[in-house]
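These are the residues of each chain, in order.
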Amino acid sequence: MTNEMLSNPSASATNAQNAADQPALALGRGLDVGTANLVSSVQNAHGEIVVKSERNAFLELPSEFTVNKAMLTKLSVPYVNWENRLYVLGDSSFELANLFSKDVRRPMCDGFLSPHEKDAIPMLRFMLERLLGKPSQPGEPVHFCVPAPSIDQENDTIYHEGIVSGLVQKLGFTPHAMNEAHAVVFSELEEQDFTGITVSCGGGMFNVCVAYKSIPALTFSVGRGGDWIDEHVAKVMGVTTARATAIKEGDVDLRHPKSREEEAVVLYYRSLIEYVLANLKQRFEVTHDVPQFTQPVDVVVAGGTSLVGGFTEVFAEELRKVDLSIPINGVRRAEDAFTSVARGCLINAQFSSEG
Ligand SMILES: Nc1ncnc2c1ncn2[C@@H]1O[C@H](COP(=O)(O)OP(=O)(O)OP(=O)(O)O)[C@@H](O)[C@H]1O
Ligand SMILES: [Mg+2]
């Protein structure tokens, strides 16, 4: 099942399902194509933003299972038949994988389509189809996010953008790509005239955007994110990656680790934040067209990896150690860090429709 919620807090009394069933206005959709999660957003006829999310993962059911497809449907387990094999999609694949001690497979890795996953494209297509449904009118625009090229990995942004774009188009929509961290500028910096620094802290990477009056002056990404923390914690603690993820997503506070495992999580979080900020400083030094900010700017962090306790405080602490040569107002977390990119893509769709 996809997860569905209304992201407008004032609309919390309304039943999400009912609201989602209302006809969508033809203003387009926002779509966050993430390594860990796929998130879509649309404005319904009441002006509420309806957000749906799905883990970007799938599981092939082993052939020894005699699968009763009717039962899967009855239990709302989404599945597809692909080349004579049965695959369970999204959140349900995680639940089943845990139950059967299997690993899920993932279409993306480090922010991009995974070169190691042969079924990445068809599985992503099935999941996008479930998430987006049908266009409210032929060619309804979908503004989706793509990462900036990584400074530490060779990745093919052209291939990734082209494939996702093609999948969205095949579903009957008109695709428009936008930079992931730039989307956060739209969702979180309206009151600052869309000026400031945004960091989308995801599962596969961290994406950074420095924007002046909505124009992205500097964007880049690093190929490290939540997965990188999990892999390293697992290695040094001698636990599985799944266990490391569970510890990290538990009630860790980066300022007050309560166990050796949590200390390891803190170490890798700090190392990752330092790494991103050192690269931001370096980019500021080598890029000549970065605007001269006269007023202090806000730094906004978003994405699942920013949800850990104490993240903004540690980020601010590390930022003070780096001389970025621009005045900083402070560091804050996006209003809803998990949906910030998808909401920003939707806002961009709406601005674009206004011409
Ligand atoms: N409460 C939490 N505390 C710490 N980390 C969390 C929490 N909830 C989710 N995460 C982590 O957030 C990451 C997923 O975040 P997100 O959905 O923003 O990534 P993504 O957009 O799919 O990936 P990317 O942008 O890198 O392609 C995972 O590494 C997950 O473990
Ligand atoms: Mg992301």
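Here the structure is a predicted model, which is why all the values come from computation and not from measurement.

A. Summary view of the overall build of the protein chain. The helix and strand tally for the protein chain stands at 11 helices and 16 strands. Seen along its three principal axes, the alpha-carbon backbone of the protein chain occupies a region of about 60 × 55 × 40 Å. Put simply, of all contacts in the protein chain between residues at least 6 apart along the chain, 69% involve residues at least 24 apart.

B. Inspection of the sheet that holds strand β14 (residues 215-222) at higher detail. The five strands lie next to each other as β14-β13-β12-β15-β16, forming an open sheet whose pairing is mixed. Looking at strand neighbours, the two that pair on one side only are β14 and β16 (328-333), the edges of this open sheet. Averaged over all neighbouring strand pairs, the angle between strand axes comes to 15°, with direction disregarded. Packing against the sheet, helix α6 (residues 180-188) makes contact with β12 (196-201), β13 (206-212), β14 and β15 (297-302), and its axis sits at approximately 55° to β13. In the packing of helix α9 (residues 260-286) onto the sheet, contacts are made with β12, β13 and β14, and the angle to β14 comes to roughly 135°.

C. Representation of the environment of Leu132 in the model. Positionally, Leu132 belongs in helix α4 (residues 120-132). Residue class for Leu132 comes out buried when judged on the 22 C-beta atoms lying within 10 Å of it. For the pair formed by Leu132 and Val142, sequence separation is 10 residues and the distance between their alpha carbons is 9.2 Å. Excluding its chain neighbours within four sequence positions, the residues that come into contact with Leu132 are Arg29, Ser40, Val142, Leu171 and Phe173.

D. Geometry of the site of ligand 1. Close contacts around ligand 1 come from 22 residues, with Gly34, Thr35, Gly202, Gly226 and Gly304 the closest. Contributing elements (two or more residues each) for the shell around ligand 1: α7 (226-237) and α8 (241-249). If one sorts the elements of the shell around ligand 1 by residue count, α8 sits on top with three residues. Broken down by class, the residue content of the shell around ligand 1 amounts to four nonpolar, 14 polar and four charged. Taken domain by domain, the shell around ligand 1 gets at least three of its residues from each of domain 1 (3-58 + 92-185 + 339-353) and domain 2 (191-333).

E. Seen up close, the environment of Gly310. Within the fold, Gly310 resides in the loop between β15 and α10 (311-321). Under the C-beta neighbour-count criterion, Gly310 is labelled partly exposed, with 16 such atoms within 10 Å. C-alpha of Gly310 to C-alpha of Leu254: the two residues are 56 residues apart in sequence and 5.1 Å apart in space. If sequence neighbours within four positions are ignored, Gly310 has contacts with Asp253, Leu254 and Arg255.

F. Geometry of the sheet that holds strand β5 (residues 58-60). Taken together, three strands build an open sheet; the order of strands is β5-β7-β6 and the sheet is antiparallel. Strands at the two margins of the open sheet, each flanked by one partner only, are β5 and β6 (79-82). Going across the sheet, the axis of each strand differs from the next one's by a mean of 30°, ignoring polarity. Here β5 runs beside strand β7 (residues 85-89); their pairing, made up of three bridges, is antiparallel. Bridging from a neighbouring strand, Leu59 pairs with Val88 of β7. Across the sheet, helix α3 (residues 91-99) lies against β5 and β7, angled at about 105° from β7, the strand it touches most. Running at roughly 50° to β7, α4 makes contact with β5, β6 and β7 of the sheet.

G. Expanded view of the packing of α4 against helix α5 (residues 157-170). As a packed pair, α4 and α5 sit with axes 10 Å apart at the nearest point and diverge in direction by 45°. With respect to their mutual orientation, α4 and α5 come out oblique. Of the two possible hands of crossing, α4 and α5 adopt the one that is right-handed. Contacts from Ile121, Leu124, Arg125 and Leu128 of α4 reach α5 at Ile163, Leu167 and Val168. Here the residues of the contact of α4 with α5 sort into six nonpolar, no polar and one charged.

H. Just the pairing of β7, in detail. Bridging between β6 and β7 involves four bridges; their strand directions are antiparallel. Paired with Trp82 across the bridge in β7 is Arg85. Counting the residues in the hairpin turn of β6 and β7 gives two residues, including Glu83, whose phi is positive at 50°.

I. α10, seen in detail. By the burial criterion, the buried members of α10 are Phe311, Val314, Phe315 and Glu318. Each buried residue of α10 lies within a common arc of 100° when the element is viewed along its axis, so the set occupies one face. Each element contacted by the buried residues of α10 is listed here: α9, β15 and β16.

J. Fine view of the domain arrangement of the protein chain. One can read the domain layout of the protein chain as domain 1 (3-58 + 92-185 + 339-353) and domain 2 (191-333). Tallying the contact residues gives 22 residues for domain 1 and 24 residues for domain 2. Secondary structure elements with two or more residues in the side of domain 1 that touches domain 2: β8 (108-109), α6 and α11 (340-353). Looking at which element gives the most residues to the side of domain 1 that touches domain 2, the answer is α6, with five residues. Residue composition of the side of domain 1 that touches domain 2, grouped by class: 11 nonpolar, eight polar and three charged.

Basis of the calculations
- Going along each chain's sequence as written, the residues are numbered from 1 onward.
- Here the convention is simple: chains get letters from A, ligands get numbers from 1, in the order in which they are written.
- Restriction of local features to residues with pLDDT of at least 70 applies here, the model being predicted, together with a cutoff of 80 or more for giving and counting side-chain atom pairs; totals for whole chains, interfaces and linings are based on all residues.
- By definition, any uninterrupted DSSP run of H or I lasting at least four residues is a helix, any uninterrupted run of E lasting at least two residues is a strand, and each is numbered from the N terminus.
- Note on contacts: each residue gets a C-beta atom placed from the backbone, and two residues are in contact if those atoms are within 7 Å.
- Two strands qualify as a pair provided DSSP detects at least 2 bridges between them.
- Fitting a line to C-alpha atoms yields each axis, with helices limited to the stretch in contact; the angle taken between N-to-C directions then spans 0 to 180 degrees.
- Three classes are used. A residue is buried when 20 or more other C-beta atoms lie within 10 Å of its own, exposed when 12 or fewer do, and partly exposed in between, with C-beta atoms placed from the backbone.
- Only the C-beta atom, placed from the backbone, is used; a residue is near a molecule or strand if that atom lies within 6 Å of it.
- Ten residue types, Ala, Val, Leu, Ile, Met, Phe, Trp, Tyr, Cys and Pro, are classed as nonpolar, four, Asp, Glu, Lys and Arg, as charged, and the remainder, Gly among them, as polar.
- Each domain's extent is set by a domain assignment, obtained either automatically or from a database.
- Angles are sorted into four bins: roughly parallel if under 35 degrees, roughly antiparallel if over 145, roughly perpendicular if 65 to 115, and oblique for all others.
- Crossing chirality is assigned from the near helix's rotation relative to the far helix, an anticlockwise turn below a right angle marking it left-handed and a clockwise turn marking it right-handed.
- It is the directions from the helix axis to the C-beta atoms that the arc portrays.

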